[in-house]
Amino acid sequence: MAQDSNSYVAAIDLGTTKVVTIVGKRTSTGRLHVVGFSTTESTGIKKGMIQNIDETVKAIEKTVRDVENQIGNKITSAFVGIAGQHIHSIKNFGYITLGPEETEIKRDDIKRLIADMYNIPVETGDSILHVLPLDFSIDNVKLEDDNPVGMLGRRLGANFHIVIGKTSSAKHIERCVERVGVKVSELILEPLASSKAVLTEEEKEAGVALIDIGGGTTDLAVYYNGIVRHTAVIPFGGNIISQDIKEGCQILQKHADLLKCHHGIALTSMAPDNKIVTVPGISGREPKEISMRSLAGIIQARMEEILDYALYEIQMSGFADKLSAGVVLTGGGALLKHLVSLIKFHWGYDVRIGYPSEGLCSESIDQYNYPQYSTAIGLALMGLERIGAGEAKSCTGSFVSKDEDYNDFIEDKSSKKSTKRLFGMKFYDAISKLFTEEDMEM
């Protein structure tokens with residue numbers, strides 16, 4: 001379905017370590033062109049759940065206002081991610097009766113069946129976030145194809161993967177976003193968004209597990225035959241590794257974060273035996289020397305625990321032996337050195353790092369093609385699909401581009417690229433002198 005030339009999508013990723021707001025538009029090739037982007041530190045969210053309303057509102061407002069200034073327009077609504085340890089999923093079968101006689105199945109019948117699933121009973125305090133069809137049946141005969149539209153039958157049934165979360169958590173997210181003056185178009189499970197940004201259709205068909213390692217949580221999605229089969233949110237992420245380093249090495253939190261990102265290795269056997277990192281002392285005390293191998297040992301122990309949880313969820317999906325495409329890692333934690341080798345060594349799966357380049361146009365790849373932005377970009381891509389299908393409206397007011405032809409604008413190689421520094425890309429430039437390392441180049 002062709003989109004209005006003034007249709008833009010806005011997305012907000014509420015992470016434990018950062019809040020990201022992004023505005024973009026679909027190009028003629030179906031990819032996302034980012035026209036506004038802002039990120040800031042997140043201080044009100046822990047393990048994917050909002051703990052401080054005011055702090056979270058401040059972070060959202062900062063990024064939203066920044067993006068509005070970039071695009072010269074007001075963001076009226078946005079697609080927002082949801083995660084957290086409260087997220088869980090169930091499988092359920094449902095059906096609807098089409099009539100006493102054989103009736104042609106229409107798309108509206110599928111929508112009615114899905115809508116019925118939102119009414120199934122769940123635990124007090126829970127809400128259904130997503131209803132995802134796994135397979136369909138007509139008159140109790142399972143279909144090999146996942147599209148029953150046009151076929152004849154009296155009863156349409158389906159097995160569903162149903163994602164459930166706490167109502168209070170969803171309400172907190174909506175409240176924070178709406179206090180900034182932005183309406184929540186839809187809450188989208190973050191691993192589904194990340195999958196949209198980094199997985200190929202071939203991988204989803206062959207069988208693949210996406211593992212998104214964030215600051216507070218590790219999100220999982222398992223696909224097979226092009227359909228999501230299992231989702232999970234593990235309440236551990238990169239922050240707990242930093243905490244282990246802080247306690248194990250008896251250093252400040254900021255130094256632990258720097259050690260992990262700058263010198264962290266996920267596989268102890270790959271760490272040099274005789275290399276030392278010197279960390280500044282606390283309040284003028286003597287600097288502390290930390291062995292690279294000891295640091296790697298701390299990281300590997302915690303990372304193995306996180307991965308064991310992920311492997312358990314993969315096995316629970318029932319598709320652990322059908323992942324021909326193996327594992328795709330994304331999120332900021334995916335950049336930890338030798339993490340790919342650790343997974344290959346322990347699990348035997350083929351592994352790659354997932355970058356959100358799958359859905360980005362060439363003008364946006366250079367600036368935003370980083371694993372830590374996979375969720376935000378995936379939210380925008382899913383939002384574009386909803387807008388294109390007529391299920392949602394443009395997320396900005398009446399937008400007037402300075403270019404008469406938008407496609408000419410994005411293809412104009414002489415157009416100036418944004419010189420804005422992205423959060424984290426140059427994080428170490430100003431603080432590189434905090435550390436000195438013996439016998440090793442920084």
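Whatever comes next refers back to the structure up there.
This text gives an overview of the structure that appears in the document. Treat the numbers as computed from the prediction; the structure is a model and nothing was measured. (Residues numbered from 1 in each chain as written. Predicted model: local features only at pLDDT ≥ 70, side-chain atom pairs only at ≥ 80, totals over all residues. Heavy atoms only, no water.)

Overview of the packing of aromatic side chains
Okay, step 1: For the structure shown, the criterion picks out six aromatic pairs.
Okay, step 2: Judged by centre distance (5.3 Å) and plane angle (40 degrees), the ring pair of Y224 and F319 falls under tilted. Of the two residues, Y224 is situated in strand β15 (residues 218-224) and F319 in the loop between α8 (292-317) and β19 (327-330); the sequence distance between them amounts to 95 residues.
Okay, step 3: Given a relative accessible area of 21%, Y224 falls into the partly exposed group.
Okay, step 4: Residues F236 and Y309 carry aromatic rings whose centres are separated by 5.4 Å and whose planes lie at 40 degrees to one another, so their mutual orientation is tilted. With F236 in the loop between β16 (227-234) and α6 (238-249) and Y309 in helix α8, this residue pair connects regions lying 73 residues apart in the sequence.
Okay, step 5: Look at F236 and you get buried, because its relative accessible area is 17%. (Phe/Tyr/Trp six-rings, centres within 6.5 Å; stacked < 30°, edge-to-face > 60°. Helix = DSSP H or I, 4+ residues; strand = E, 2+ residues; numbered from the N terminus. Buried < 20%, exposed > 50% of the residue type's maximum accessible area, 1.4 Å probe, protein only.)

Topic: the packing of α6 against helix α7 (residues 253-263)
Helix-helix packing is described using two parameters, namely the angle between the two axes and the distance between the axes.
Okay, step 1: Across the interface, α6 lies against α7 with an axial gap of 8 Å and an inter-helix angle of 115 degrees. On the basis of the axis angle, α6 is roughly perpendicular to α7. As for how α6 packs across α7, the hand of that crossing is right-handed. Contact with α6, carried on its side by G238, N239, I241, S242, Q243, I245 and K246, involves Q253, A256, D257, L259 and K260 of α7 and no other residues of that element.
Okay, step 2: Tallied by class, the residues present in the contact of α6 with α7 amount to four nonpolar, five polar and three charged. (Axes fitted to C-alpha atoms, helices over the stretch in contact; angles between N-to-C directions. Parallel < 35°, antiparallel > 145°, perpendicular 65-115°, else oblique. Left-handed = near helix turned anticlockwise from the far one by under 90°. Contact = heavy atoms within 4.5 Å. Nonpolar A, V, L, I, M, F, W, Y, C, P; charged D, E, K, R; others polar.)

Examining the side chain of R386
Okay, step 1: With respect to the helices and strands, R386 occurs in helix α11 (residues 374-388).
Okay, step 2: Among residues more than four places away in sequence, those in contact with R386 are F79, E186, I188, E391 and A392.

A few points about the sheet that holds strand β12 (residues 155-166)
Okay, step 1: The strand order across the open sheet formed by four strands is β7-β12-β9-β10, and the pairing between neighbours is antiparallel. Edge positions in the sheet fall to β7 (88-97) and β10 (141-142), since each of these pairs with one other strand and no more.
Okay, step 2: Inspection of the sheet shows β7 paired to β12 by ten bridges, in the antiparallel sense. Bridge pairing links G94 to A158 in β12.
Okay, step 3: Across the sheet, helix α2 (residues 107-117) touches β7, β9 (126-138) and β12, and the angle it forms with β7 is around 130 degrees. (Pairing = 2+ DSSP bridges.)

Everything listed here is a matter of coordinates, which is why it stays silent on function.
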